[in-house]
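Now for the letters of each chain:
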Amino acid sequence: MTLSFGLTAPNLLEELKDYVERFRDNDLDEGLARDCAWRAWHLCDYVFEELGPNSQFPCPKKLKNHVKCVCPELAYIQDIWNATKHVEITRYTPQVKAARYHGGAFSCDFSHDFDISHLRVVLADGQWVFFADVIDRAVEFWSAFFKDHGIE
């Protein structure tokens, strides 16, 4: 029995993919970005349950550390989601300094080579990445993880 209207790891991944597609159609929508981030990070809990007690990950923390090590973008997503949920992060040092809208001189229809408007993830060291690239990488990671671990 489930308390989440039948939510499972496989259908949460499909929801994530659907939300990312919606985000691609409006990649300046901060609400959609947050929705994508919570689904991408929350997959850790559902995947842990799906893998069961005999998996290589004896506890959720081990799985979360693994996914952040293999896919650093999921560490950024963890920070975005935790800050969304709790307003600030106090239990660990975040890797993300800011997640914000950047108003560029050109519309997002132009190449990334131009100063385009976009959602930006500013890292603790001052470097930044496009949120669209971060969430795409997270979907790629989870899709491969599901395939590698036989999660259907």
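Anything mentioned here points back to the structure above.
Residues numbered from 1 in each chain as written. Predicted model: local features only at pLDDT ≥ 70, side-chain atom pairs only at ≥ 80, totals over all residues. Heavy atoms only, no water.

Asker: Give a description of the sheet that holds strand 2 (residues 118–123) that names residues and reports values.
Answerer: Hydrogen bonds between backbone atoms are what pair the strands of a sheet, whose relative direction is either parallel or antiparallel. Within the open sheet, the three strands sit side by side as 1-2-3. Their pairing is antiparallel. Either end of the sheet is taken by a strand with one partner, and the two such strands are strand 1 (96–102) and strand 3 (128–130). Across the sheet, the axes of successive neighbouring strands diverge by a mean angle of 25 degrees, strand direction being ignored. Summarising the sheet, strand 1 and strand 2 pair through six bridges and their orientation is antiparallel. Bridge pairing in strand 2 links His102 to His118. (Pairing = 2+ DSSP bridges. Helix = DSSP H or I, 4+ residues; strand = E, 2+ residues; numbered from the N terminus. Axes fitted to C-alpha atoms, helices over the stretch in contact; angles between N-to-C directions.)

Asker: I'd like to hear about the nonpolar core, residue by residue, with values.
Answerer: Soluble globular proteins tend to pack their nonpolar side chains together in the buried interior. Membership of the largest hydrophobic core comes to 42 residues, with the highest contact counts inside it found for Leu16, Val47, Leu74, Ile135, Trp142 and Phe145. Of all the secondary structure elements, the ones that give two or more residues to this core are helix 1 (9–25), helix 2 (30–51), helix 3 (60–70), helix 4 (72–86), strand 2 and helix 5 (131–148). Among the elements that take part in this core, helix 2 stands out by supplying twelve residues, more than any other. Among residues more than four places away in sequence, those in contact with Ile135 are Leu16, Val20, Phe23, Cys36, Ala37, Ala40 and Ile77. (Core = buried A, V, L, I, M, F, W, Y, C linked by side-chain atoms within 4.5 Å. Buried < 20%, exposed > 50% of the residue type's maximum accessible area, 1.4 Å probe, protein only. Contact = heavy atoms within 4.5 Å.)

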